[in-house]
Amino acid sequence: MKVYLLLPFVVLLSCNTVKKPAQAQTAQHFSKAEQQLLKDVEVLSSDAYEGRKTGTKGAEMARTYISNRFKQIGLKPIPLLSGYEQVFSFRNNKGVEIFGKNILACIPGKNEEIIVISAHYDHVGIMNNEVYNGADDNASGIAALLKFAEYYKNNKPNYTLIFAAFDAEEMGLRGSKAFVEKPPVALEKIKLNINMDMISHNDKGELYACGTYKYPELKKYFITTDPKIKVLLGHDDPKTGHEDWTNQSDQGSFNAKDIPFIYFGVEDHKDYHKATDEFQNINKKFFIDAASSILEIINNIDKERNLKSIFREKLRMKKQ
Ligand SMILES: [Zn+2]
């Protein structure tokens, strides 16, 4: 009993006399928004979420978390849907029907043309009694998506933005395929997909943007102010075989519909698709800087009034 009574005194004493631990000092350097960004990854990649495999309790928990964050930010569902969820189903390679759910919301812009900002929230679940937490893959993309949603809620965008947290990417881009097959908005209004998948783990400060090989018109928007992050253009030349990432995450579903895309991601790392892809192993400072740089690039694009002209699209619509 005495020990417990003494404890507050000891803590108080140590606070006054001992220097603050290094960790606390680091934490103080993070702004509120940065702490939220990290918290979103930490929660979604915690063991309680059981690796967020499509169709499991962990995936359901992830949906609840993302939906609650959407609500907290004040995002509206897409008008054609009654809520945030878009349900779909597919058959896996054993012929079993699996149900998935995308979580979608939108922020109306000053015009009706749409940019879809996406990240998948599912991962591969539990294997051999180990939780594959998927911190980088892809709690990081979801956390950045939430950060951007919050930013644009407070800073009205020119383009209408759809925030799409896709399910079942790990089972073959199923959520994004369902989205473009049964789009809750007119597909021709979608001018660009910006997809994020693994943006928090790179020791060299390198983030790749894939898509400008096919859409070189987008290159001019890659102006960022943070020298600590190298945004490299690449992994999108079809001649490079498996090094071409064009169809390796959800942007591939948009590409299949000839919708321009940018995919942000890092090179595979030692924890890729391993149980060690955990919160403690992501590069926190890199992640914060990467998310900010992506937001800068999205802002550069959003300032462009005429995406039609970027993609040299024939004017299909009558002048209004
Ligand atoms: Zn992924």
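Since this is a predicted model, take the numbers as computed values, not measurements. (Residues numbered from 1 in each chain as written. Predicted model: local features only at pLDDT ≥ 70, side-chain atom pairs only at ≥ 80, totals over all residues.)

A.B. asks: Residue-level account of the packing of helix H3 (residues 32-44) against helix H5 (residues 135-154), with values.
C.D. replies: Here H3 crosses H5 at 140°, and the two axes come no closer than 8 Å. Comparing the axis directions of H3 and H5 gives the class oblique. H5 is crossed by H3, and the crossing has right-handed handedness. Facing Ala33, Leu37, Asp40, Val41 and Leu44 of H3, the residues of H5 in contact are Ala135, Ala139, Ser140, Ile142, Ala143, Leu146 and Lys147. (Axes fitted to C-alpha atoms, helices over the stretch in contact; angles between N-to-C directions. Helix = DSSP H or I, 4+ residues; strand = E, 2+ residues; numbered from the N terminus. Parallel < 35°, antiparallel > 145°, perpendicular 65-115°, else oblique. Left-handed = near helix turned anticlockwise from the far one by under 90°. Contact = placed C-beta atoms within 7 Å.)

A.B. asks: Give a description of the sheet that holds strand S7 (residues 190-196) that names residues and reports values.
C.D. replies: Pairing is mixed in the open sheet, where 8 strands are placed in the order S1-S2-S6-S3-S7-S10-S8-S9. Of all strands in the sheet, those with a lone pairing partner are strand S1 (85-91) and strand S9 (230-233), marking the two edges. Neighbour-to-neighbour, the strand axes of the sheet open up by a mean angle of 25°, direction not taken into account. (Pairing = 2+ DSSP bridges.)

A.B. asks: Break down the nonpolar core for me, citing the residues and quoting the values.
C.D. replies: By size, the foremost hydrophobic cluster in this structure holds 73 residues, and its most contacted members are Ile142, Leu145 and Ile199. With 10 residues, H5 is the largest single contributor of residues to this core. Apart from residues no more than four positions distant in its own chain, Leu145 is found in contact with Ile117, Ala119, Phe163, Ala165 and Met196. (Core = buried A, V, L, I, M, F, W, Y, C linked by C-beta atoms within 7 Å. Buried ≥ 20, exposed ≤ 12 C-beta atoms within 10 Å, placed from the backbone.)

A.B. asks: Describe helix H6 (residues 174-181), naming the residues involved and giving the relevant values.
C.D. replies: The element H6 is largely enclosed, with a buried count of 6 among its 8 residues. Where H6 is concerned, the buried positions are Arg174, Gly175, Ser176, Lys177, Ala178 and Phe179. Where the residues of H6 are buried, they touch S1, strand S2 (97-107), strand S3 (114-120), strand S6 (160-166) and helix H7 (251-256).

A.B. asks: Would you mind going over the confidence of the model for the protein chain in detail, with residue names and values included?
C.D. replies: Mean pLDDT over the protein chain works out to 90, with 87% of the residues at or above the 70 mark. Overall, residues 1-26 carries pLDDT values under 50, and its contacts beyond four positions in sequence, including any with other chains, amount to 1 contact. Here residues 314-320 scores under 50 on pLDDT; set against residues more than four positions off or in separate chains, the count is 1 contact. (pLDDT = per-residue confidence, 0-100.)

A.B. asks: Would you mind going over H3 in detail, with residue names and values included?
C.D. replies: In this model, H3 (13 residues) spans 18 Å end to end at C-alpha, consistent with the 18 Å of a helix rising 1.5 Å per residue. Leu37, Asp40, Val41 and Leu44 are the residues of H3 that are buried. Viewed along the axis of H3, the buried residues span an arc of 95°, placing them on a single side of the element. Along H3, the residues that are exposed and aim more than 90 degrees away from the buried face are Lys32 and Lys39. On its buried face, H3 is in contact with helix H4 (57-73), H5 and helix H8 (284-303). (Expected span 1.5 Å × (residues − 1). Arc of directions from axis to C-beta.)

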